[in-house]
Protein chains: 2
Amino acid sequence: MSQAPTVRIAIDAMGGDRAPSIVVSGAQMAAERLKNAHFILCGDEKQLKPLLAKKPLLQSKATLVHAKDSIAASDKPSHALRHGKHSSMRYAIDAVKSNKADAVVSAGNTGALMAIARLVLRMLPTIERPAIVTSLPTIRGELVMLDLGANVQCDSQNLIQFAYMGDVYARCLWRTQNPSVGLLNVGSEDTKGHNELHNAATFLKHPKSGINFHGFIEGDDISKGTVDVVVCDGFSGNIALKTMEGTVITVKTFLERTLRSSLLSQFAALLLKPALSRVKALIDPRLYNGAMLVGLNGIVVKSHGGTDGVGFANALCVAHELVTHDYNRRVSDALSDHQKEIDVAARLDQAPPS
Amino acid sequence: MSQAPTVRIAIDAMGGDRAPSIVVSGAQMAAERLKNAHFILCGDEKQLKPLLAKKPLLQSKATLVHAKDSIAASDKPSHALRHGKHSSMRYAIDAVKSNKADAVVSAGNTGALMAIARLVLRMLPTIERPAIVTSLPTIRGELVMLDLGANVQCDSQNLIQFAYMGDVYARCLWRTQNPSVGLLNVGSEDTKGHNELHNAATFLKHPKSGINFHGFIEGDDISKGTVDVVVCDGFSGNIALKTMEGTVITVKTFLERTLRSSLLSQFAALLLKPALSRVKALIDPRLYNGAMLVGLNGIVVKSHGGTDGVGFANALCVAHELVTHDYNRRVSDALSDHQKEIDVAARLDQAPPS
């Protein structure tokens, strides 16, 4: 059996709330899991060298690239573009551009990452802006959802492109053969929602689209796992995602209050501890950490800024999977196969409703 | 002390999945709670009379109005408008129009209720379409949220009007003095989201608006209870609401599976039963049942179609509170006090971004 080719991942070692320490410990965990990975750690040598010295396995699989600057969480994208030329984030993205890396992972400033990646890597043909895609837990397992906030207003062309990008994402991550795709709406009937959704649905349900289109879905279908891929505009996608996060925290808070409310409850909670930690693991946000900025001409994965080593390692594994399964080539192929029909569908957005 | 004036509530006795039985049992519970209420039960005499005969208290506080038809859950609003002239829903709405009732409550078809109420009662001045408002549980108590799905696309005028309607709703329901109002967005920074949101925010944060404006909030702020009133377009509001519902069900399902997973867990679950039912009660959807269709020239409350007597009684209590605290007059006053400035704000939606 031939060896798998090396997957080279550039890392913005200075991005995130607790960088570079959690970045290095995440990379160490990923190095243990991913036999064929090589890491290009971009950041402050003085901070990184002593951290790396304690992780011989990672050291044997990593190259250090010194970057004297880093981009702050509060920096505006325009500022990061102009003044971040020698930042760890910029160097990591540059490594993909110059083909020294196959993907880049950063836990830093999302707006800056998007702006620099757009400038340096450019977009895939026919795509105007990156979208944010990630996987999420459901009752039935996981699903893929996009856009999660990059595109506040979307026309039917955007939504159709998201459908292809999500479809390929599910195929790459889970080796699913024919993922089902749903369009997020305020009802499942054909007449619900706005024109852009109707035109996207008309396109997607046509057998020639090659998409296994389920139809419209509603907010409660997300965590029910009704479909494998949820497609939505970035405004409602972001609100749905944050609402889910907030609701989980609220239910957990109610539960914890209850478990502390009496001695009897405290005793029962003790008995339940192992079982409850299994529930916690199912919805552990670290396991779903690693959102891809899709539509860029390069694999760019955003880790949550507040994650720990486990979460960062997961983001590295997502990047590794996307490279291994040739995500961007497959998306480009799917889009170019259908671009003519997508253009026709998008033109209908402007037509008066029939 | 003078007696509180009678509040007359017209009820669509045939609307909802288990009508008329749950409607009558809900009215009985409300009759016990609301000393000064009188109910006008519209529906099929043959079914209602025997049900009423078993509830002497309700019978003493109710008038029966026979309606030979009823509107089905599957009827299109246009069909209900044309063919529902002798339906229980229509008669109940007509009772408000002819000033025989102060409010109407229905657990029937939402689209039909909205269409018939618009036709019969008309809108308040300057309002184009009803919005849907309800209260929801949060970590800190409850909040009011609107629009929950009636207005798929909203301009800044709609959003500002929702702010006033939500503000008065919170004042009526909880006697809050100065409820805080937040605009749902994809980030809390001023630059986030679209033009309509920015224009609405500019208006609301001006001291002259009279609104205690918190600023932009995100999806997770809903269940955190960051504000008392959440204002949003009907598309994202509906998605947030349904996503919350779905997430609660998912977490509950995970938990139940865990509690059944071993004998030890089953034993612990038994000990926790009273505590867990307190958590359940906190998020019991029946307690938040009763969404008002605001903007209509009359108090119209929609009960969830699948609710039981407890939930229907709650919807009746919501209607009773809104009448008692003179909801529609207070909304009209607030809107007419600010309509000129609202018009100015709305005109900015069309201006190119500065």
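The shown structure was predicted, so the numbers you read here are calculated from the model rather than taken from an experiment.

Draft legend 1. Local environment of unusual backbone geometry. All names here are of chain A. Note the cis peptide between Leu146 and Asp147, where omega equals 0°. Among the secondary structure elements, Asp147 is positioned in the loop between β6 (141-146) and α7 (156-174). Its identity as a non-glycine residue notwithstanding, Thr126 has a phi of 70°, on the positive side. Within the fold, Thr126 resides in the loop between α6 (110-121) and β5 (131-138).

Draft legend 2. Up close: the packing of helix α10 (residues 234-259) of chain A against helix α10 (residues 234-259) of chain B. Packing of α10(A) against α10(B) brings their axes to within 8 Å, and their N-to-C directions diverge by 40°. As summarised for this structure, α10(A) and α10(B) are arranged oblique, according to the angle between their axes. As for the relative orientation of α10(A) and α10(B), their crossing is right-handed in sense. For the pair α10(A) and α10(B), the contacting residues are Phe235(A), Ser236(A), Ile239(A), Ala240(A), Thr243(A), Met244(A), Thr247(A), Val248(A), Val251(A) and Leu255(A) in the first and Phe235(B), Ser236(B), Ile239(B), Ala240(B), Thr243(B), Met244(B), Thr247(B), Val248(B), Val251(B) and Leu255(B) in the second.

Draft legend 3. Spotlight on the relation of the copies chain B and chain A. Rotating chain B by 180° and translating it 0.0 Å along the rotation axis places it on chain A, where the RMSD comes to 0.0 Å. The relationship between the two copies is best expressed as a two-fold rotation axis. Same-surface contact between copies: 100% of interface residues of chain B are shared with the interface of chain A.

Draft legend 4. The state of the cysteines, seen in detail. Residues and elements named next belong to chain B. As enumerated under the stated definition, the model contains zero disulfides over all chains in all. Free cysteine: Cys172, not disulfide-bonded; nearest cysteine sulfur from Cys317 at 15 Å. By relative accessible area, Cys317 is classed as buried at 12%.

Draft legend 5. Region of the structure containing the interface of chain B and chain A. Contacts between the two partners involve 51 residues from chain B, matched on the other side by 51 residues from chain A. When chain B packs against chain A, the two sides together hide about 4,500 Å² of surface, and 76% of this comes from carbon and sulfur. Three residues stand out in chain B for area buried against chain A, namely Ile139(B), Phe235(B) and Phe254(B), and they jointly supply 15% of the buried area on that side. A salt bridge links Lys242(A) to Glu218(B), with the nearest nitrogen and oxygen atoms 2.3 Å apart.

Draft legend 6. Structural view of the side chain of Glu196(B). Within the secondary structure, Glu196(B) is located in helix α8 (residues 195-205). No salt bridge is formed by the buried Glu196(B), whose closest oppositely charged neighbour, Arg347(B), lies at an N-O distance of 15 Å. Not counting residues up to four positions away in its chain, the partners in contact with Glu196(B) are Gln153(A), Cys154(B), Asp155(B), Ser156(B), Leu159(B) and Asp349(B).

Draft legend 7. A look at a nonpolar patch on the surface. A cluster of nonpolar side chains, Leu264(A), Phe267(A), Leu264(B) and Phe267(B), forms an exposed patch at the surface whose accessible area comes to about 380 Å². Of all the elements in the fold, those that place two or more residues in the nonpolar patch are α11 (263-282) of chain A together with α11 (263-282) of chain B. Inspection of the secondary structure puts Leu264(B) in helix α11. Classification of Leu264(B) as partly exposed rests on a relative accessible area of 45%.

Draft legend 8. Broad picture of the domain arrangement of chain A. Once the domains are mapped, chain A shows domain 1 (1-121) and domain 2 (127-286 + 331-354). Distance from the C-alpha centre of domain 1 of chain A to the C-alpha centre of domain 2 of chain A: 28 Å.

Draft legend 9. Seen up close, the sheet that holds β6(A). Residue and element names in this part refer to chain A. Across the sheet, eleven strands lie side by side as β3-β2-β1-β4-β11-β10-β5-β6-β9-β7-β8; this open sheet has mixed pairing. Of all the strands in the sheet, the pair left with one neighbour each is β3 (62-66) and β8 (212-217). Here the strands of the sheet are splayed against their neighbours by 25° on average, with no regard to which way each runs. Sheet topology places strand β7 (residues 180-184) next to strand β9 (residues 229-231); three bridges connect them, and they run parallel. Bridging from a neighbouring strand, Gly182 pairs with Val230 of β9.

Draft legend 10. Molecular detail of the side chain of Ser156(B). Structurally, the position occupied by Ser156(B) is in helix α7 (residues 156-174). Discounting residues that sit within four places of it in the chain, Ser156(B) has contacts with Glu196(B), Asn199(B), Ala200(B), Ala345(B), Ala346(B) and Asp349(B).

Draft legend 11. Geometry of the sheet that holds strand β4 (residues 103-106) of chain B. Residue and element names in this part refer to chain B. Overall, mixed pairing links the eleven strands, which are arranged β3-β2-β1-β4-β11-β10-β5-β6-β9-β7-β8 in an open sheet. Lying at the two open borders of the sheet, with one neighbouring strand each, are β3 (62-66) and β8 (212-217). Pairwise comparison of adjacent strand axes, ignoring direction, gives a mean angle of 25° for this sheet. Direction of pairing for strand β6 (residues 141-146) relative to strand β9 (residues 229-231): parallel, over a ladder of three bridges. Bridging from a neighbouring strand, Met145 pairs with Val230 of β9. The strands that α7 touches are β5 (131-138), β6, β7 (180-184), β9 and β10 (291-294); relative to β6, the one it contacts most, it runs at about 150°.

Draft legend 12. Local environment of the environment of Tyr169(A). Residue and element names in this part refer to chain A. Relative to the elements of secondary structure, Tyr169 occurs in helix α7. In this structure, the C-alpha to C-alpha distance between Tyr169 and Tyr327, residues 158 residues apart in sequence, is 7.0 Å. Discounting residues that sit within four places of it in the chain, Tyr169 has contacts with Val133, Thr134, Val144, Gly290, Met292, Val318, Leu322 and Tyr327.

Draft legend 13. Representation of the pattern of salt bridges. Evaluated as defined, the whole model comprises 19 salt bridges over all chains. Here Arg175(B) and Glu321(B) are joined by a salt bridge, their closest N and O atoms 2.5 Å apart. Placement of Arg175(B) in the loop between α7 and β7 and of Glu321(B) in helix α12 (residues 309-324) is noted, with a sequence separation of 146 residues between them. Residues participating in the shared-partner salt-bridge network are Asp326(A), Arg329(A) and Asp333(A).

Draft legend 14. Summary view of the packing of α7(B) against α8(B). Residues and elements named next belong to chain B. Packing of α7 against α8 leaves a shortest axis separation of 8 Å and a crossing angle of 45°. When the axis of α7 is compared with that of α8, the two are oblique. Considering how the two elements wind past one another, α7 and α8 form a crossing that is right-handed. Contacts between α7 and α8 involve Ser156, Leu159, Ile160, Ala163 and Tyr164 on the former and, on the latter, Glu196, Leu197, Asn199, Ala200, Phe203 and Leu204. The residue inventory of the contact of α7 with α8, partitioned by class, reads eight nonpolar, two polar and one charged.

What counts and what doesn't
- Residues numbered from 1 in each chain as written.
- Chains lettered and ligands numbered in written order.
- Predicted model: local features only at pLDDT ≥ 70, side-chain atom pairs only at ≥ 80, totals over all residues.
- Heavy atoms only, no water.
- Helix = DSSP H or I, 4+ residues; strand = E, 2+ residues; numbered from the N terminus.
- Axes fitted to C-alpha atoms, helices over the stretch in contact; angles between N-to-C directions.
- Parallel < 35°, antiparallel > 145°, perpendicular 65-115°, else oblique.
- Left-handed = near helix turned anticlockwise from the far one by under 90°.
- Contact = heavy atoms within 4.5 Å.
- Least-squares fit on C-alpha atoms with pLDDT ≥ 70 in both.
- Disulfide = S-S within 2.5 Å.
- Buried < 20%, exposed > 50% of the residue type's maximum accessible area, 1.4 Å probe, protein only.
- Buried area = accessible area lost by both parts, 1.4 Å probe.
- Salt bridge = Lys/Arg side-chain N within 4 Å of Asp/Glu carboxyl O.
- Lys, Arg positive; Asp, Glu negative; His and termini not counted.
- Patch = residues over 30% accessible without salt bridge, like charges linked within 9 Å, V, L, I, M, F, W, Y side chains within 5 Å.
- Areas by Shrake-Rupley, 256 points an atom, 1.4 Å probe, with all protein chains shown as cover.
- Domains from an automatic or database assignment.
- Pairing = 2+ DSSP bridges.
- Nonpolar A, V, L, I, M, F, W, Y, C, P; charged D, E, K, R; others polar.

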